[in-house]
Amino acid sequence: MTRMRTETPEPIRLADYSPPAFLIDEVSLAFDLAPNTTRVKARLNVRRNGASGEALKLNGERLKLISVAIDGRTLVEAERSVDAEFLTIPNLPDAFVLETEVEIDPQNNKALEGLYMSGGRFCTQCEAEGFRKITYWPDRPDVLSRFTVRIEADKAFAHLLSNGNLVEAGDLAGGRHYAVWNDPFPKPCYLFALVAGELDVLEDRLVTMSGRTVDLRIFVDTGMAPRAAYAMDALKRSMKWDEETFGREYDLDLFMIVAVRDFNFGAMENKGLNIFNSSLLLADPATATDMDYERIESVVAHEYFHNWTGDRITCRDWFQLCLKEGLTVFRDQSFSADQRGHAVQRIKDVKALRARQFAEDQGPLAHPVRPSSYLKIDTFYTATIYEKGAEVIRMLKTLIGPEAFRAGMDLYFDRWDGHATTVEEFIKCFAEVSDRDLTAFFTWYEQAGTPRVQLASRYDAANRTLDVEIAQETPPTPGQPTKQPVPIPVRLGLLDHDGRTQAFLRDGEALDETVIVLDQASTKVRLTGVDREPVVSALRGFSAPVVLTSDAEPRDRYLLLAGDPDLFNRWEAGQELARELILKRAKGQPDEVGEERFAEAMGRSLSDQAADPAYKALLLILPSEPDLALALQPADPAAIHEAREALRLRLSVHLAEDLRRLHSGLQETGEFSAEASAAGRRALRNAALELLAANPRAETAELAEGHFRGAGNMTDAIGGLNALMLIGGPEYEKALEDFYVQWRSEPLVVDKWFAVQARDPDETALGRVIGLTAHPAFDAKNPNRLRALVSTFANFNPVRFHDPSGAGYRFLADQILAVDSYNPMTAARLVDPLGGWRRYAPELSRLMKAELERISKAEGLSKNVFELVTRALGEDGAG
């Protein structure tokens, strides 16, 4: 019988923050590694922080306590207390040495937090609260310590790695060996790392801007070193970029990355020893797609950039998580834009923001960039913290200008190096260097929700003036029914009706583009010297994370699609036109004339010889079904799917000749290149094939099969398999079978095989997905495999996930409950597709809510899942 959870966890609140009662300046850890019985000895130099006489309270979970000593004297049980979460020691002096010894079981640690085994190797994951599963410690980010780590293990574990610099290594009796590592920089315990095992290594080196030589090593599975070459190249480019762009030089003698197969996160920035999910590190043309290469480049940069924004300067508390993650996402997005083209990268970043964060802001899981409370911080590694956090930084740069922004970053690095700090102190640096009051800007950190911005314009031909009126409103979100205006930079330019850029005057200054700062509920700006009736191009470059509506006519959007010099807004005009046409059809009011006009405009865009192929590929992709669902209340996934497919079919028929010509003309004949230009050509060729597949004629199936069979790289193989999936039929089933037979020994490729099937919109999709959970290659305990099948189905196959029977919801709820029993962090990440239940039609909403209620009543539910489910239901919980 299912029993309800009987205890309700108490939330942790930002308002309750107090500095740590004790600090630990130095720590020595000694690991005696064994799969089931690892011993960890810790020697901590502890001092009281302030005048408080309170007891020392250390976090510790799943630890077998062997001994505790203070200043060399072993404590008896009466002198300390231990429960499932804490070791408490009262009556302590102001400074002392604490020694503990514990035993842990890495082999049976399936939560993949703390120290665990992956592929026969020891590995750690300590962010956010995993270190407490290794030894007793004040597990909070504002306790910064210098670590010395000794590792002993059998020689079968050939590489013994930890943070910092290797200071000693050697052999021991009994076929064992040891290594001692020292990290000279103080760090919080969440940045601790240890890896031990048989690994191949790819080595390189880099000379920094001051002339220091840094050794670079990437450790991977045996035989996989060649597949780390692109990651190594990305690392070296990242290090140079950070020197040139932010003046940040690497600070240790050695930088290491280790790839592991079993990992809850994408990657982890442990000081000097990054640990990566292997899917974000290993690539070669045969097994990795261009998207894999792109993500490897981005994530390698992101984790390296954390060396300064996260490691050298860290968070005072976990409420400040955006301080390291939002800022570092901004940095990695800027790097990727410099590497791959600013317009293309900006479009991709905004697509990701809208897909994940805008949906989050519209549902019960909405929360500020800096939340005010939580039950488990693991549940706040969200798109709001990361992607919206990055957008806030980007707006800050826009508002104060690039020179002041760089000066503010320099001040931040200088002032807070070696410390844990807060968002307030970060913003204060920019206020000082720009001499601006940024108090109102801080609202972006404290207020949830996506602002709605409305723009109206009126042209006076006689006086050559344009009045632009802009207003903002942010809808209520859980716990925040009333919203304040936020400063919104609206980048704006003008075109004439021939598509030419039109100059104007603002406050007497001649401009062809300006930034209007909307910092009240509404504002009005007059532009003068406007010679011809203008077409307004607003929110250029997506200058703020808002939803913009305007009084523009469809003809204006067609003109912007054809010739806006801001390539983001050119793409956005096409998306807006497509979105309007799809939603009209979904509501039963199809505009066939408008659809044909849109197809003609898309044809003209494809014929633009000056346009980047990667940009054209993005133009061919219509707004996604989840994105469209946000704009239709209540959302009807079946109607949206049918309407979107109808427009895809019209485009496929109308553009068939152009698409076939692109597909044929872009076929590669030379050696594979991972460069952005070559990837852009492949992207356009595969986008053309995918659109052709919307018209499933026999010749299209033949073209898709030829594309798949003739693929010389994984990008094209997956492109062909995806097109065959959209067409269906025996060719698809045979291609699936052949693909699996060819790649069944390659785990990362088999993940792709599962993911293609999870996206299949055919009516049999749910049955196929359920059947695949029994496939010999499916292992729910591996987060990559679970995400490939279950998460892909729930997030990217809305028409089948939202089956009217509710079977898709039941399937996901069953998976959440099963995974929660051994990996709460991964289970919690599956809750989100059910969280938006209020946005859907009543018959679907009721079924989604019922599954959330079923999860909430399950016996032994983790804090992670409990928090997200109760918030989704609108019950008590953190936010």
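Rules of the game
- Residues numbered from 1 in each chain as written.
- Predicted model: local features only at pLDDT ≥ 70, side-chain atom pairs only at ≥ 80, totals over all residues.
- Heavy atoms only, no water.
- Buried < 20%, exposed > 50% of the residue type's maximum accessible area, 1.4 Å probe, protein only.
- Helix = DSSP H or I, 4+ residues; strand = E, 2+ residues; numbered from the N terminus.
- Pairing = 2+ DSSP bridges.
- Core = buried A, V, L, I, M, F, W, Y, C linked by side-chain atoms within 4.5 Å.
- Contact = heavy atoms within 4.5 Å.
- Salt bridge = Lys/Arg side-chain N within 4 Å of Asp/Glu carboxyl O.
- Axes fitted to C-alpha atoms, helices over the stretch in contact; angles between N-to-C directions.
- Phe/Tyr/Trp six-rings, centres within 6.5 Å; stacked < 30°, edge-to-face > 60°.
- Lys NZ or Arg CZ within 6 Å of the ring centre and 35° of its normal.

As a general feature of sheets, a regular strand has side chains that alternate between the two faces. Taking every second residue as pointing to the same face, both faces of strand β16 (residues 194-197) are buried, with Leu194 and Ala196 on one and Val195 and Gly197 on the other. Two strands pair when backbone bridges link them, and strand β11 (residues 121-125) and β16 are joined in this way by two bridges, in the antiparallel orientation. Paired with Cys123 across the bridge in β16 is Val195. Pairing of strand β13 (residues 159-162) with β16 involves four bridges; the strand directions are antiparallel. Across the sheet, residue His159 finds its bridge partner in β16, namely Gly197.

Let us now look at the nonpolar core. Phe426 and Tyr445 are the most contacted members of the largest nonpolar core, which has 289 residues in total. When sequence neighbours within four positions are dropped, the list of residues in contact with Tyr445 reads Cys322, Pro368, Val369, Arg370, Val392, Ile393, Val423, Phe426 and Ile427.

Let us now look at the pattern of salt bridges. Counted according to the given criterion, the structure contains 82 salt bridges. Where Asp378 meets Lys376, a salt bridge forms, and the shortest distance between an N and an O atom there is 3.9 Å. We note that Asp378, like Lys376, is buried. A salt bridge links Asp467 to Arg526; its shortest N-O distance comes to 2.7 Å. Of this pair, Asp467 sits in strand β26 (residues 465-473) while Arg526 sits in strand β31 (residues 522-528), placing them 59 residues apart in sequence. Its relative accessible area of 49% is what places Arg526 among the partly exposed residues. Salt bridges linked by common partners bring Glu61, Glu129, Arg132, Asp139, Lys376 and Asp378 together as one network.

Spatial ordering of the open sheet is given by β10-β11-β16-β13, a layout of four strands whose pairing is antiparallel. In the strand order of this sheet, the two ends are held by β10 (114-118) and β13, each with one partner. Each adjacent strand pair in this sheet contributes to an overall mean axis angle of 20°, direction not counted. Where β10 meets β11, five bridges bridge the pair, whose relative direction is antiparallel. Residue Gly114 lies in a different strand from β11, and its bridge partner there is Gln125.

Counted according to the given criterion, the structure contains 39 aromatic pairs. Ring plane angle 80° and centroid distance 6.2 Å describe the contact between Phe131 and Phe147, whose orientation is recorded as edge-to-face. Of the two residues, Phe131 is situated in the loop between β11 and β12 (145-154) and Phe147 in strand β12; the sequence distance between them amounts to 16 residues. There is no split in this pair, since Phe131 and Phe147 are both buried. Taken together, the aromatic side chains of Trp241, Phe246, Tyr250, Phe255, Tyr304, Phe305 and Phe335 make up a single cluster linked through ring pairs. Above the ring of Phe796, the side-chain terminus of Arg759 is found at 4.7 Å from the ring centroid.

Before going further, it helps to examine unusual backbone geometry. Trans peptide bonds make up most of the peptide bonds, and negative phi angles are found at most residues other than glycine. Between Glu127 and Ala128 the backbone carries a cis peptide bond, its omega angle lying at 5°. In this structure, Ala128 sits in the loop between β11 and β12. A cis amide bond links Gln633 with the next residue in sequence, Pro634, at an omega value of -10°. For Pro634, the position within the fold is in the loop between α13 (625-630) and α14 (637-654). If you check the backbone angles, Asp507 has positive phi at about 55° while not being a glycine. Tracing the backbone shows Asp507 in the loop between β28 (504-506) and β29 (509-511). Using a relative accessible area of 78% as the deciding quantity, one classes Asp507 as exposed. Although it is not a glycine, Leu539 sits at a positive phi angle of roughly 60°. Here Leu539 lies in the loop between β32 (535-538) and β33 (547-550). Leu539 gets classed as buried once you look at its relative accessible area, which sits at 6%.

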